[in-house]
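Structure assessment
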Amino acid sequence: MTLLGATLLGSVLQAQPAPVPAQPFSSDRIGLPVLGGGCPAIFLDTSQVPRIRHTGSSAGARDYELRYWLRRSPDGICGVPPPMNYSYLVDIGSLPEGQYRFTVIGYLDGNEFNRYTTNVVSVRNVGNWARADISGVWYAPEQSGRGVFVARRFGFIGVWWSNHDADGNPAWVIMSDNHGEGGRFEGEAITTYGPPLAPGPADIDSQRWGELSFTYLRCGRARMEWSADDEAIGDGSLNLVQLLLPDGIEPCDISSRVQGPPAIWEAPLAD
C-alpha cells in the first residue's frame, strides 16, 4: 500500500493498514470500494468525479483502473484513529458478462494515497437468472385476476396459482420443486378440496391436477406452462410479469441499485 501525505497521517496508517478488499461489490452494477472514513477524517471528494478506464487484458480477464480523489475534513487530524475502512462504493455501471480485474487508486493532496487490485471476479447479469427476487406476485396481463404467488428459499420454490376448474369454480393449483435448473422449476401440481372454513383442524384432501412449470426468463418476466389431467383444461402456457415483491428483497431492476457516486468512463469497453 502506497501512503503519501502528512508524516503523522502516514505513520499512523502504516501502523494500522486498511484491509484490502478482494472483491468488488458484485451485481449488475459494480460498486468498487474506496478508502475513507474514520479519524483522521478523510472523505471521498465529490467535487471530482471518479474515472475508470480499460487498461488491457491478462490471464483471461479484462483489466480496468479506477481513479478517485479524497479530501480532508476541515477540522483536520484528530487523535489516533482506528484502522481506516473502505466506506464508500463508486458505481461503475453495468458490465457485460465476463471475467474482470480492477485496480483502484486514490489520490489525496495531489499524491497517490492508496492502491489495491481485486481478485478476478466473474460478472453475471443478475437480471437473467433466478434469485430471491423470483418471490412475489406474478400475473398475466390478459388474464388479470388469476394471480401466481411464488416463494423461494435457497433452492426450494413453491408456486400457488389462483385459478378455476373446468366448471368455473375457484381452485388453487400448487406445485413445488427443490432442484430447479437454469431458472426453470417444474413438478407435479395438485389441487385441494374440502368443507368450508370452520373452527378446528382443516379437513381437506388433495388430488393430482397435472404437471406445471415456472420458468424465470429475465428481470420481471417469467413463463408458466402446464399439462392438466382434465381434458377440458388440457395443455397451455402464459407469459407472466411480476406485480409485487416481498418487503426486504432487493429488486432485479438495476436502475434501483446504484451503489454510490457514478464514475466517468474515459474510453469505451474494449479488449
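Refer to the preceding data block for the structure.
What this report covers is the structure whose coordinates are included nearby. Sequence order as written defines residue numbering, which begins from 1 separately in each chain. This being a predicted model, a pLDDT of at least 70 is required before a residue's local features are given, and a value of 80 or more before pairs of side-chain atoms are given or counted; all residues contribute to the totals for chains, interfaces and linings. For side-chain calculations, the full set of non-hydrogen atoms in the structure is used, while hydrogens and water are omitted.

1. Some details on the pairing of strand β3 (residues 51-58)
Every other side chain in a regular strand lies on the same face of the sheet, so the side chains alternate between the two faces. Paired strands, in this sense, are two strands between which DSSP finds at least two bridges. Where helices and strands are cited, they refer to DSSP runs of H or I of at least four residues and of E of at least two residues respectively, numbered from the N terminus. Bridging between β3 and strand β4 (residues 61-72) involves seven bridges; their strand directions are antiparallel. Counted as the bridge partner of histidine 54 is tyrosine 64 from β4. Taken together, β3 and the strand that follows it, β4, pair antiparallel across an intervening segment of two residues, in which alanine 59 is found at a positive phi of about 55 degrees.

2. So, the sheet that holds strand β12 (residues 170-177)
Strand order in this closed barrel of eight strands is β9-β10-β11-β12-β13-β14-β15-β16, and the pairing throughout is antiparallel. Averaged over all neighbouring strand pairs, the angle between strand axes comes to 30 degrees, with direction disregarded. In terms of strand pairing, strand β11 (residues 156-164) meets β12 through eight bridges, oriented antiparallel. Within the sheet, the bridge partner assigned to histidine 164 lies in β12 and is proline 170. Convention adopted: a line fitted to C-alpha atoms gives each axis, helices being fitted over their contacting stretch, and angles between N-to-C directions are expressed from 0 to 180 degrees.

3. Some details on the nonpolar core
One finds Ile134, Trp138, Val148, Trp161, Leu212, Phe214 and Leu240 to be the most contacted residues of the largest nonpolar core, which totals 24 residues. Those elements that provide at least two residues to this core are β10 (148-153), β11, β12, β13 (184-193), β14 (205-218), β15 (221-228) and β16 (235-244). Working rule for contacts: check all heavy atoms of both residues, and any pair within 4.5 Å makes them a contact. Residue contacts for leucine 240: discarding those within four places in its chain leaves Trp138, Tyr139, Ala140, Val148, Phe214, Gly220, Arg221, Ala222 and Met224. In this description, a nonpolar core means a group of buried Ala, Val, Leu, Ile, Met, Phe, Trp, Tyr and Cys residues linked to one another through side-chain atoms lying within 4.5 Å. To sort residues, take the accessible area from a 1.4 Å probe on protein chains only and compare it with the maximum for the residue type: under 20% means buried, over 50% means exposed, and anything in between is partly exposed. Counting 19 residues, the second-largest nonpolar core is a separate cluster that includes Ile42, Tyr68, Leu70 and Val123.

4. With respect to the layout of surface pockets
By volume, the largest pocket amounts to about 190 Å³. Residue composition of the lining of the largest pocket, by class: seven nonpolar, four polar and four charged. Think of a 1 Å grid over just the protein atoms. A cavity is a set of points where a 1.4 Å probe fits yet cannot get out, a pocket is an open set with protein on both sides within 12 Å along at least five of seven lines, and lining residues have an atom within 4 Å of a point. Grid points are joined across faces, edges and corners, and a volume is the space filled by probe spheres set on the points. Within this model, the second largest pocket holds a volume of roughly 150 Å³. Arg146, Trp161, Asn163, His164 and Ile233 are the residues nearest the centre of the second largest pocket, which is lined by 13 residues in total. Here the lining of the second largest pocket gets three residues from one element, more than from any other, and that element is β11. Each residue gets one of three labels, nonpolar for Ala, Val, Leu, Ile, Met, Phe, Trp, Tyr, Cys and Pro, charged for Asp, Glu, Lys and Arg, and polar for the others, Gly among them.

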